Structure formats: structure tokens, C-alpha cells
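Working through the structure, step by step
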Amino acid sequence: MPSLPRNDPRQYDDLAGEWWRPGGEFEVLHWLAEARAALVPPAPRPGAVLVDAGCGGGLLTPHVESLGYWHVGIDLRRSGLEQAAARGVAAVVADVAALPLASESADVVVAGEILEHVPDMPATVAELCRVLRPGGLLVLDTINATRMGRFVSITLGERFGAAPVGIHDPELFVDPGELTAHCAKNGVRLKVRGIRPSVPGLIRWLFLPPGPRASRLGHLGRMVPTRSTQVLYQGMGRKSD
Ligand SMILES: C[S@@+](CC[C@H](N)C(=O)[O-])C[C@H]1O[C@@H](n2cnc3c(N)ncnc32)[C@H](O)[C@@H]1O
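Keep in mind the model is a prediction, meaning the values are calculated, not measured. (Residues numbered from 1 in each chain as written. Predicted model: local features only at pLDDT ≥ 70, side-chain atom pairs only at ≥ 80, totals over all residues. Heavy atoms only, no water.)

Moving on, we come to the packing of aromatic side chains. Enumeration according to the criterion identifies three aromatic pairs in this entry. Judged by centre distance (5.9 Å) and plane angle (15°), the ring pair of Y12 and W19 falls under stacked. Residue Y12 is classed as buried on the basis of its relative accessible area, which comes to 16%. Relative to F26, the ring of Y12 lies with its centre 6.1 Å away and its plane at 25°, an arrangement referred to as stacked. (Phe/Tyr/Trp six-rings, centres within 6.5 Å; stacked < 30°, edge-to-face > 60°. Buried < 20%, exposed > 50% of the residue type's maximum accessible area, 1.4 Å probe, protein only.)

Our focus in this paragraph is the packing of helix α5 (residues 121–131) against helix α7 (residues 176–185). Two packed helices can be described by the angle between their axes and the distance between those axes. Two numbers describe how α5 lies on α7: the axes approach to 9 Å, and their chain directions differ by 45°. In terms of orientation, α5 and α7 fall into the oblique class. With respect to the hand of their crossing, α5 and α7 are arranged in right-handed fashion. Seen from α5, the contacting residues are M121, P122 and V125; seen from α7, they are E178, L179, H182 and C183. (Axes fitted to C-alpha atoms, helices over the stretch in contact; angles between N-to-C directions. Helix = DSSP H or I, 4+ residues; strand = E, 2+ residues; numbered from the N terminus. Parallel < 35°, antiparallel > 145°, perpendicular 65-115°, else oblique. Left-handed = near helix turned anticlockwise from the far one by under 90°. Contact = heavy atoms within 4.5 Å.)

A separate point is the site of the ligand. If you check the shell around the ligand, you find 18 residues, and the closest are G54, D75, D95, V96 and G112. Contact between the ligand and G54: a nitrogen atom at 2.6 Å from a main-chain N or O atom of the residue. G112 has a polar backbone atom sitting 2.8 Å from a nitrogen atom of the ligand. The protein chains hide 96% of the 600 Å² of surface that the ligand would expose on its own. Class assignment for the residues of the shell around the ligand results in nine nonpolar, four polar and five charged. (Near = heavy atom within 4 Å. Polar contact = N/O pair within 3.5 Å; in protein donor to acceptor, adjacent residues only side chain to side chain. Areas by Shrake-Rupley, 256 points an atom, 1.4 Å probe, with all protein chains shown as cover. Nonpolar A, V, L, I, M, F, W, Y, C, P; charged D, E, K, R; others polar.)

Any functional reading would require information that these geometric values do not contain.
The following block contains the structure:
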């Protein structure tokens, strides 16, 4: 079978068995999901809606299920959505650049590791902000469009298994200044901060092959804040009332 072009979402179908495999290709996504969820407050009222844009296999679920939201997951690929649905996500097949949701219907919009995959970042940001209620919270993380972002995510990441080969197109990586400006245009004042893997987690992941020993140490793998936004960063902001 010819290999798919870089960033082709159909790659996620071939990788469907990886979403929840301990020590698998998506392990770093689990660390990112935990760090992202830590920015989400408990639901402000019963029935509050959290929209998980580009939810994949639903890696956010274990970290937000106790917060009390109705968790709606949007993704292009059914193979991931089925796994998210099995974990309680209301799963919807759709493009994040054209959300099939009413304006101002979400209390929280989460966009984890998705903006670096979309061909039209400004249109996607406008959609994410459109569905957010006034006062609602946008939480995101993505890869910076710097030389360092490309080196770490593509050159190192693909060589050492932090990201499946071909999953990213470095041309789509996201400049935080541009992102912040597009959010502002759509009523959200975004603040960004850098994140990186914790050193013990990184050492365990690099040098200990997947297996029972690695699984016992799995909790070491996590993301921590860092001053530099050069590679990975989180963003968070509320929509103006
Ligand atoms: C890197 S994964 C992130 C998954 C999840 N947010 C997480 O952090 O675990 C990117 C996901 O975005 C989905 N995706 C890519 N482009 C999309 C688009 N335009 N609309 C909706 N989903 C998209 C892919 O199918 C994949 O599940």
C-alpha cells in the first residue's frame, strides 16, 4: 500500500490500536492530555458541555470524567471516535473547521494537539470560539512553528518514537503570536505557556522498553510547565462576556 501523505488523517486508522496501548505510539499524547485536563475547572452547573475538538481515542476522558461535564468529542476519524465513545464521550464525526454545534453552546472547548493538523488554522480558531459561550474557557496545546519545534517533533520525535512517522506536517505548526491574535479577533484573550516532558518521565520513556516494569513507572511520564514556548505550548483563555 502506498504510504499516506504527511498529516493525512487516515493515518490514525492504521494507528487505531495505539490510542490506549501502554507504552504505545501515543504515550506522549497521554501526558499531554493529563496536563491539558489540569487546566479545566469543574463544571459550573449540571449539564455543562465540554467540546473536545479532535478528540481522537478520547485520551482526555480519565482526567475529566470527575469534573461533571457532558463530554462531546469531534473527530474526522471513526476509528478513534469509537474508542472515545466506549469511554463515555458523545462522539461526532466532523471537521473541527465546521463544527456541527450551535453557537455559544459550550462551557469549555478543548483543542489538544489538533491545531497543528488543520489546513486552515484561522477558520478553525473562529469555529472553536464561535461555539464557546460568553465567559466560556478555551484550552489548547500545540506545536510551535519554530526551527526547534520542527527539530524536536519531526527530526527527533519521529526517530525516537515520540510521534508516528509522517503524522505531522511541519508547515502546519502554529505560531503562538498568530494564534493569540486569531483568538483575540474571536473574543478570546489567550495566554500561552511552554510545556515539556518531565525529566524522569523522559528518561524512563527513552531507556526503558515498554513492558511491566515501564508500566509500573508509567506515572512518571507527564508534562510540566517550562519558560520556553519554542517546542510545545499550552493556551488558555476565556471568551469575553
Ligand atoms: C494528535 S491527535 C490528538 C487527539 C487528542 N486530542 C489527544 O490529544 O489525544 C489529532 C486528532 O485530530 C484528528 N483530526 C485531524 N484533523 C482533523 C480535522 N480537520 N477535524 C477533526 N479532527 C481532525 C485526527 O483524526 C486525530 O484523532
